[in-house]
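Report on the structure
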Amino acid sequence: MDYATLWFWLLGVLLAGYAVLDGFDLGVGILHPLAKSDEDRNVLVKTIGPLWDGNEVWLVTFGGALFAAFPEAYATAFSGFYVPFMLLLFALIFRAVSVEFRHKFAHRRWRRACDWGFTLSSSLAAVLFGTAVGASIDGVPLNERGIFVGSLADELSPYALLIGGLAVAAFALHGATFLRLKTVGELRERVTRWAWGCYWIYLATFVLATGLTLAFVPDATRNFRGFPWAAVVVVLNLLALANVPRCLRRDRPREAFLSTGGTIAALVFLFGTALYPNMIVSNPNPAHSLTIDNAASSDSTLALMALIAAIGLPFVAAYTFVVYWTFRGPVTAEDAATHH
């Protein structure tokens, strides 16, 4: 394995880490309007209060690693997808403002505005993440220098928007299984009903997206012929998906949460497998695609980055583990009340 291939998969690990960890934060935001009372909404915000900003470390690390390892792909992505990235930045900032400032004023209208800001920004971020994945698989117009030459309509193809919907459904389900771990009493019973609804919506979206990918994006499956071991991930993904309703029926919230996290990680892995060795696919001229070879930094740069990653990634993982261990356990209405 050369350094460019190593960094392609390390970026996948960072992206999967972010999707799994911040995915349930976004899911809680998506589900937030379903809470009946202000007290319940306080609990929902409190469940992610100590976690959400630390989870975004994985996204920041991913962006920095992409810039250093594959500067050509970084430049094309951030210039060509400028409007979606600015919307994503706005959504992430507005989510932070909504969460942190929700309790600063006692006015009911302020609280409701922050609640809807939390929901809309979380939903928008999930859609944009999924749409970016869909556009990467479907391809966008690039010229011979690998520079984006299309329009916003090329980035928002029906297929890309479908994958955006799949991301929303996946994060909502992941958020629901997280809330079953963190809530008690009547609220937990309602969260269980939300989880069932999210599961069926996600299952339908997953089947539709898989069918359309196999039918209309044939290049997405070409690597599975060269890497037959990738079929193991497909099987594990299906088993994790089938395990969710089993865990909901048998009241095994931790297993359900691990299963939904596993499905998200598997989707990221399958996305990477479908994309490899491309970084950004050119459509309709595949020869103009940016790959791990023509978009990568020098081997010496990638080797130095690998050394830094070997030192730094364990610290990120350890920090994440300590935070989650410290704030384990359910959140009650009394706990939420102490937030403000």
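Rules and cut-offs
- Chains are numbered independently. Their residues run from 1 in the order of the written sequence.
- Note on the predicted model: pLDDT of at least 70 is required for a residue's local features to be given, and 80 or more for side-chain atom pairs to be given and counted; whole-chain, interface and lining totals, by contrast, use all residues.
- The side-chain numbers reported here are obtained from all heavy atoms of the structure, hydrogens and water having been left aside.
- Helix and strand definitions follow DSSP, with helices as H or I runs of at least four residues and strands as E runs of at least two, each counted in order from the N terminus.
- Throughout, the radius of gyration refers to the C-alpha atoms, and the reference size of a globule is 2.2 Å times the residue count to the power 0.38.
- The classification of residues rests on relative accessible area computed with a 1.4 Å probe and restricted to protein chains. Under 20% of the type maximum is buried, over 50% is exposed, and intermediate values are partly exposed.
- Per-residue accessibility takes into account occlusion by the displayed protein chains alone, with areas from the Shrake-Rupley method and a 1.4 Å probe.
- The charged-residue count follows a simple rule in which Lys and Arg add positive charge and Asp and Glu add negative charge, with His and chain termini not counted at all.
- Where a charge lies is defined by one atom per residue type, namely NZ (Lys), CZ (Arg), CG (Asp) and CD (Glu).
- One speaks of a salt bridge when a side-chain nitrogen belonging to Lys or Arg is within 4 Å of a carboxyl oxygen belonging to Asp or Glu.
- Note on contacts: a residue pair qualifies if any of its non-hydrogen atoms lie within 4.5 Å across the two residues.
- We call Phe, Tyr and Trp rings a pair once their centres come within 6.5 Å, taking the six-membered ring for Trp, and we label the pair stacked below 30 degrees between planes, edge-to-face above 60, and tilted otherwise.
- As used here, the arc is the angular range of directions from the helix axis to the C-beta atoms.
- Values of pLDDT, ranging from 0 to 100, describe the predictor's confidence in every residue of the model.
- Each helix should span, by expectation, one fewer than its residue count multiplied by 1.5 Å.
- We define the bend at each residue as the angle formed by axes fitted to the 7 residues ending at it and the 7 residues starting at it.
- Residues belong to one nonpolar core when they are buried, are Ala, Val, Leu, Ile, Met, Phe, Trp, Tyr or Cys, and are joined through side-chain atoms within 4.5 Å.

1. Remarks on the overall build of the chain
- For the chain, the count of helices and strands is 15 helices and two strands.
- Over its C-alpha trace the chain gives a radius of gyration of 20 Å, about what one expects of a compact globule, namely 20 Å for 340 residues.
- Once the C-alpha set of the chain is aligned to its principal axes, its extents read approximately 60 × 40 × 40 Å.
- Here the chain holds 340 residues, and the buried ones make up 51% of them.
- Element-wise, carbon and sulfur atoms account for 69% of the exposed surface of the chain, whose accessible area totals about 16100 Å².
- Charge separation in the chain, taken as the distance between the mean sites of 24 positive and 24 negative side-chain charges, equals 11 Å.

2. Re unusual backbone geometry
- Geometrically, the link from Tyr276 to Pro277 is a cis peptide bond, its omega value of 0 degrees lying close to zero.
- Within the fold, Pro277 resides in the loop between α13 (253–275) and β1 (278–280).
- For the peptide bond that leads from Asn283 to Pro284, omega is 25 degrees, which places it in the cis range.
- Phi at Asp251 takes a positive value of approximately 55 degrees, unusual for a residue other than glycine.
- On the secondary structure map, Asp251 appears in the loop between α12 (230–250) and α13.
- We classify Asp251 as partly exposed; its relative accessible area is 42%.

3. A word on the pattern of salt bridges
- What the rule picks out here adds up to 13 salt bridges.
- Residues Arg190 and Asp40 are paired through a salt bridge, measuring 2.1 Å at the closest nitrogen-oxygen approach. In this pair, Arg190 sits in helix α10 (residues 185–216) while Asp40 sits in helix α2 (residues 38–48), placing the two residues 150 residues apart along the sequence. Asp40 matches Arg190 in its accessibility class, with the two residues each being buried.
- The closest approach of N and O atoms between Glu186 and Arg190, which form a salt bridge, is 3.1 Å. Of this pair, Glu186 and Arg190 both sit in helix α10, four residues apart, roughly one helical turn.
- Taking the relative accessible area as the measure of exposure, Glu186 reaches 55% and is therefore exposed.
- What makes Arg190 buried here is its relative accessible area of 6%.

4. Notes on the environment of Gly27
- In this fold, Gly27 is placed in helix α1 (residues 3–31).
- Counting along the chain gives 152 residues from Gly27 to Leu179, while the straight-line C-alpha distance between them is 9.5 Å.
- Apart from residues no more than four positions distant in its own chain, Gly27 is found in contact with Phe171, Ala172 and Gly175.

5. A look at the packing of aromatic side chains
- On inspection of all chains with the given rule, the structure shows 20 aromatic pairs.
- Here the aromatic rings of Phe8 and Tyr276 are separated by 5.3 Å at their centres, their planes lie at 65 degrees, and the arrangement is edge-to-face. Residue Phe8 is found in helix α1, and its partner Tyr276 is found in the loop between α13 and β1; the two are separated by 268 residues along the sequence.
- Judged by its relative accessible area of 7%, Phe8 is buried.
- Between Phe81 and Phe148 the ring centres are 6.1 Å apart and the planes differ by 40 degrees, which places this aromatic pair in the tilted class. With Phe81 in the loop between α5 (71–80) and α6 (82–101) and Phe148 in the loop between α7 (108–138) and α8 (152–155), this residue pair connects regions lying 67 residues apart in the sequence. Of the two residues, Phe81 and Phe148, neither departs from the other in class, the shared state being buried.

6. Here we look at α5
- Listing the buried residues of α5 in full gives Ala73, Thr76, Ala77 and Gly80. Within α5, the buried residues cover an arc of 95 degrees as seen down the axis, which keeps them to one side.
- Residues of α5 that are buried in the fold lie against α6, α8, β1 and β2 (290–291).

7. Some thoughts on the confidence of the model for the chain
- The share of residues in the chain with pLDDT of 70 or more is 98%, and the mean pLDDT across the chain is 90.
- Taking the mean pLDDT of every element in the chain, the minimum, 63, falls on helix α15 (residues 333–337) and the maximum, 95, on helix α9 (residues 158–182).

8. Remarks on α1
- With 29 residues, α1 extends 41 Å from end C-alpha to end C-alpha; this agrees with the ideal 42 Å at 1.5 Å per step.
- The largest bend along α1 measures about 35 degrees and falls at Gly23.
- Of all 29 residues in α1, 23 are buried; the element is thus mostly enclosed.

9. Looking at the nonpolar core
- Membership of the largest hydrophobic core comes to 97 residues, with the highest contact counts inside it found for Trp7, Phe70, Phe178, Leu179, Trp194, Tyr202 and Met279.
- The dominant element in this core, judged by the number of residues it contributes, is α1, at 16 residues.
- Beyond its immediate sequence surroundings of up to four residues, Leu179 is in contact with Val28, Leu31, Leu44, Thr47, Val191 and Trp194.

10. Considerations on the environment of Ala303
- Locating Ala303 in the fold gives a position in helix α14 (residues 299–326).
- For the pair Ala303 and Ala69, spaced 234 residues apart in sequence, the C-alpha to C-alpha distance is 9.8 Å.

11. Considering the side chain of Asn143
- Assignment of secondary structure puts Asn143 in the loop between α7 and α8.
- If we skip the residues at most four places from it in the chain, Asn143 touches Val149 and His288.

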